[in-house]
Amino acid sequence: MMLHIPAVLNAAQVEECRRVLDAAEWVDGRVTAGHQSAVAKDNMQVPADSPAARQAGDLVLSALSNSALFISAALPLKVFPPLFNRYRGGQAFGNHVDNAIRTVPGTPVRVRTDLSATLFLSPPGDYDGGELIVDDAYGGHTVKLPAGHMVLYPASSLHRVTPVTRGARVSSFFWIQSMVRSDQQRTLLFDLDGAIQRLGGALPHDEGIVQLTAVYHNLLRMWADT
Ligand code: NI
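Residues numbered from 1 in each chain as written. Predicted model: local features only at pLDDT ≥ 70, side-chain atom pairs only at ≥ 80, totals over all residues. Heavy atoms only, no water.

K.L.:
Quick question: what am I supposed to make of the domain arrangement of the protein chain here?
P.N.:
One widely used convention gives an interface's size as the accessible area the parts lose upon coming together. Split into domains, the protein chain comes out as domain 1 (3-178) and domain 2 (183-223). Distance from the C-alpha centre of domain 1 to the C-alpha centre of domain 2: 30 Å. Taken together, the 10 residues of domain 1 in the interface contact seven residues of domain 2. Taken together, both faces of the contact between domain 1 and domain 2 bury some 630 Å²; the carbon and sulfur share is 64%. Linking domain 1 to domain 2 there are two residue pairs in polar contact (both at pLDDT 80 or more). (Domains from an automatic or database assignment. Contact = heavy atoms within 4.5 Å. Buried area = accessible area lost by both parts, 1.4 Å probe. Polar contact = N/O pair within 3.5 Å; in protein donor to acceptor, adjacent residues only side chain to side chain.)

Shown next, in the form of structure tokens:
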């Protein structure tokens with residue numbers, strides 16, 4: 001499942017992130033790339049252990065914890081501390097797949113990357129190119145979102161970022177280990193949860209909603225690892 005999550009950050013939060021990041025030290029993005037992706041990758045990143053990455057990352061994590069849509073879709077078990085990248089002057093990231101397992105720097109914590117997330121921090125009018133293209137069985141999906149919006153997609157997908165030919169594209173990217181490893185099962189739970197929310201609005205006293213909610217939780221119990 002690919003999902004657009006609007007307004008994870010509001011305008012003030014985007015501005016705060018950008019203020020911190022624009023003043024930060026940036027290094028070659030190949031530092032976090034695996035062997036194959038290092039060949040394809042050409043961008044800049046804020047070092048993961050820098051105060052700027054921590055500060056902006058905490059802001060993103062706290063916003064995510066308030067996003068009902070993110071929680072319903074990702075069913076997060078572990079979220080990798082958000083990283084930040086920037087493309088400009090023709091920089092791009094060729095086709096690659098993200099590493100399956102990521103160790104959180106400075107800790108023994110390993111995250112299985114079930115989902116990848118890109119949170120856009122530049123308004124689309126600020127740059128040309130810089131589209132994220134995610135391939136699935138139906139072809140390539142092009143993603144370029146307003147600042148503060150996020151896309152969630154299976155980390156198993158081949159994806160790329162097209163060259164930024166004008167301006168700069170700043171974004172946050174990170175991975176999620178879900179309580180539900182299977183994308184198919186997670187998608188079913190997300191659809192079921194969405195239907196329950198809608199029915200709950202229309203028919204708040206219907207016993208059928210209680211029954212569907214029980215089905216949701218019993219499926220989650222069957223499929224989730226904690
Ligand atoms: Ni990637």
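Now that the structure is up, let's keep going.
K.L.:
What is the right way to read empty space enclosed by the protein from this model?
P.N.:
Gaps between atoms show up when a probe of the same size as a water molecule is rolled over them. Evaluation of the coordinates by the stated rule reveals one cavity of 30 Å³ or more. Looking at the largest cavity, it is lined by 25 residues, and the ones nearest its centre are Phe-93, His-96, Asp-98, His-159 and Phe-173. Listed by contribution, the elements that provide at least two residues to the lining of the largest cavity are β6 (83-88), β7 (92-96), β10 (115-120), β15 (159-161) and β16 (164-178). Sort the elements by how many residues they give to the lining of the largest cavity and β16 lands first, with five residues. (1 Å grid on protein atoms, 1.4 Å probe; cavity = no way out; pocket = protein on both sides within 12 Å on 5 of 7 lines; lining within 4 Å. Points joined across faces, edges and corners; volume = space filled by probe spheres on them. Helix = DSSP H or I, 4+ residues; strand = E, 2+ residues; numbered from the N terminus.)

K.L.:
Please clarify how the coordination of the nickel ion should be interpreted in this entry.
P.N.:
For a metal with four donors in a tetrahedral arrangement, the ideal angle between donors is 109.5 degrees, while six donors in an octahedron ideally sit at 90 or 180 degrees. Within the protein, the nickel ion binds to His-96 (NE2), Asp-98 (OD) and His-159 (NE2); these donor distances fall in the range 2.1 Å. Counting the intervening residues between successive donors of the nickel ion yields the motif H-x1-D-x60-H. With His-96 in strand β7 and His-159 in strand β15, this pair connects stretches of sequence that are 63 residues apart. Of the two residues examined, His-96 and His-159, each falls in the buried class. (Donors = N, O, S within 2.8 Å, 3.2 Å for Na, K, Ca; no water. Buried < 20%, exposed > 50% of the residue type's maximum accessible area, 1.4 Å probe, protein only.)

K.L.:
What am I meant to see in the packing of helix α1 (residues 11-22) against helix α3 (residues 51-65) here?
P.N.:
Pairs of packed helices are described in terms of their axes, by the angle between the two and the distance that separates them. Running from N to C, α1 and α3 cross one another at 170°; their axes reach a closest spacing of 9 Å. By the angle class used here, α1 and α3 are roughly antiparallel. The way α1 lies across α3 gives a crossing that is left-handed. Note on element contacts: α3 touches α1 through Ala-52, Gln-55, Ala-56, Leu-59 and Val-60, opposite Gln-13, Glu-16, Cys-17, Arg-19, Val-20 and Leu-21. Residues belonging to the contact of α1 with α3 are distributed by class as follows: seven nonpolar, two polar and two charged. (Axes fitted to C-alpha atoms, helices over the stretch in contact; angles between N-to-C directions. Parallel < 35°, antiparallel > 145°, perpendicular 65-115°, else oblique. Left-handed = near helix turned anticlockwise from the far one by under 90°. Nonpolar A, V, L, I, M, F, W, Y, C, P; charged D, E, K, R; others polar.)

K.L.:
Whenever I open this one, the sheet that holds strand β3 (residues 41-42) confuses me. Can you help?
P.N.:
Within a sheet, each strand pairs with its neighbour through backbone hydrogen bonds, oriented either parallel or antiparallel. The sheet built from five strands is open, its strands ordered β3-β7-β15-β12-β13 with antiparallel pairing. With partners counted over all chains shown, the strands left at the sheet margins are β3 and β13 (139-143), one partner each. In terms of strand pairing, β3 meets β7 through two bridges, oriented antiparallel. Considered in β7, the bridge of Lys-41 is made with Phe-93. (Pairing = 2+ DSSP bridges.)

K.L.:
It is not clear to me how the layout of surface pockets should be interpreted in this structure. Could you clarify?
P.N.:
Reported here for the largest pocket is a volume of approximately 220 Å³. In this structure, the largest pocket is lined by 13 residues; those nearest its centre are Ala-48, Arg-54, Pro-81, Pro-82 and Val-104. If one sorts the elements of the lining of the largest pocket by residue count, α3 sits on top with five residues. Partitioning the lining of the largest pocket into residue classes produces nine nonpolar, one polar and three charged.

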